[in-house]
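One-letter residues, chain by chain:
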Amino acid sequence: KNLKKYFPVKGGILKRTIGHVKAVENVTLSIYQGETLGLVGESGSGKSTLGHLILKLLDPTEGKIIFNGKDITSYSQRKIRPYRKNMQMIFQDPYSSLNPRMSVGDLIEEPLILHDRLTKKERQNRIIELLHTVGLDEETRFKYPHEFSGGQLQRIGIARALSSRPSLVIGDEPVSLLDVSVQSQVLHLMSDLQIKFNLTYLFISHDLSVVKHMCDRIAVMYLGRIAEVAPKHSLYKEPLHPYTKALIASVPGVDRKREKVKLEGNMPSPSNHPAGCPFHTRCPESHNRCTVERPELINMGNDHYVACHLYTE
Ligand code: SF4
Ligand code: MG
């Protein structure tokens, strides 16, 4: 609710704060139990930061995080423990997110020691069960990360994320560094696991074609803000925000009849947000009001929300 995350920018010899990177700027977003919500935007749009805020891996500058009806924003590291077990992350880079000096068994065991009161024997059984669940054999547990391909490593990352039996899993571009040929295998695995374990997913991606099959709803982020949120089918069929239209026009195979909106230029720096609509510097439909007045996210009905002046005049 109303989440903000500003990172100070230091400069000069005294390393004083000379400005702020406004990574997340007033985001209100719900993730419904059991769904997959896609969070899409260009790099630098704030999507990873938002994911880290939700998991409390970062503290927000302002705003609230409400998990299962409880405001957990100001919980200490100790108080957050029982929640942390319920919320896990699958990281973008399986090569750097898994400690190369730990065996696969130890990597999966680590969160089990932290979160569950199990005997050594029970933990071993659970590790074997988790490896089978992600399609790896039990001998895998004696090996080390360097012995695996990217796709296998991401399976290990998934087993590690699932070991504490979370209900919410945030995937931060979990397949973007994998070969195209293994991307769909990992996505299928994630879908199967979602059904099997009743998981709720927040799936972060810069690529609308990756989230197309996975997600129930999609939120589009631009320069730290939500531009549009809608059920997947309405978003692809009836995108309202000019930025969403441009993103969809660039997805191969989606609605070729639609007039292509081309995205020119770059996203402005997150340390220097333009006044008015954050998208006005690139928007083909920008008009006077857009340069001065910030559009709020408004409800267009049927769970479709958009932040654009074209729908309020
Ligand atoms: Fe474009 Fe204006 Fe809508 Fe922003 S508010 S997306 S600049 S039309
Ligand atoms: Mg990122």
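Residues numbered from 1 in each chain as written. Chains lettered and ligands numbered in written order. Predicted model: local features only at pLDDT ≥ 70, side-chain atom pairs only at ≥ 80, totals over all residues.

Caption draft 1: Structural detail: the domain arrangement of the protein. Annotation of the protein at the domain level lists domain 1 (3-86 + 166-311) and domain 2 (93-165). On the side of domain 2, 13 residues touch domain 1, which itself brings 13 residues to the contact. A per-element tally of the side of domain 1 that touches domain 2 places helix α7 (residues 180-197) first, with 6 residues. When the residues that make up the side of domain 1 that touches domain 2 are grouped by side-chain class, the tally is 10 nonpolar, 1 polar and 2 charged. (Domains from an automatic or database assignment. Contact = placed C-beta atoms within 7 Å. Helix = DSSP H or I, 4+ residues; strand = E, 2+ residues; numbered from the N terminus. Nonpolar A, V, L, I, M, F, W, Y, C, P; charged D, E, K, R; others polar.)

Caption draft 2: Just helix α10 (residues 242-249), in detail. Of the positions making up α10, those classed as buried are Pro242, Tyr243, Thr244, Leu247 and Ile248. Summarising the contacts, the buried residues of α10 are in contact with α8 (208-214), β9 (217-222), β10 (225-231) and α9 (232-237). (Buried ≥ 20, exposed ≤ 12 C-beta atoms within 10 Å, placed from the backbone.)

Caption draft 3: Layout of the site of ligand 1. What surrounds ligand 1 is a group of 13 residues, the closest being Cys277, His280, Cys283, Cys290 and Cys308. Partitioning the shell around ligand 1 into residue classes produces 8 nonpolar, 4 polar and 1 charged. (Near = placed C-beta within 6 Å.)

Caption draft 4: Molecular detail of the pairing of strand β1 (residues 3-11). Judged from the 9 bridges that link them, β1 and strand β2 (residues 16-27) form a sheet pairing that is antiparallel. Directly across from lysine 10, in β2, lies its bridge partner threonine 17. Counting the residues that bridge the hairpin from β1 to β2 gives 4 residues, and of these glycine 12 lies at a positive phi of roughly 75°. (Pairing = 2+ DSSP bridges.)

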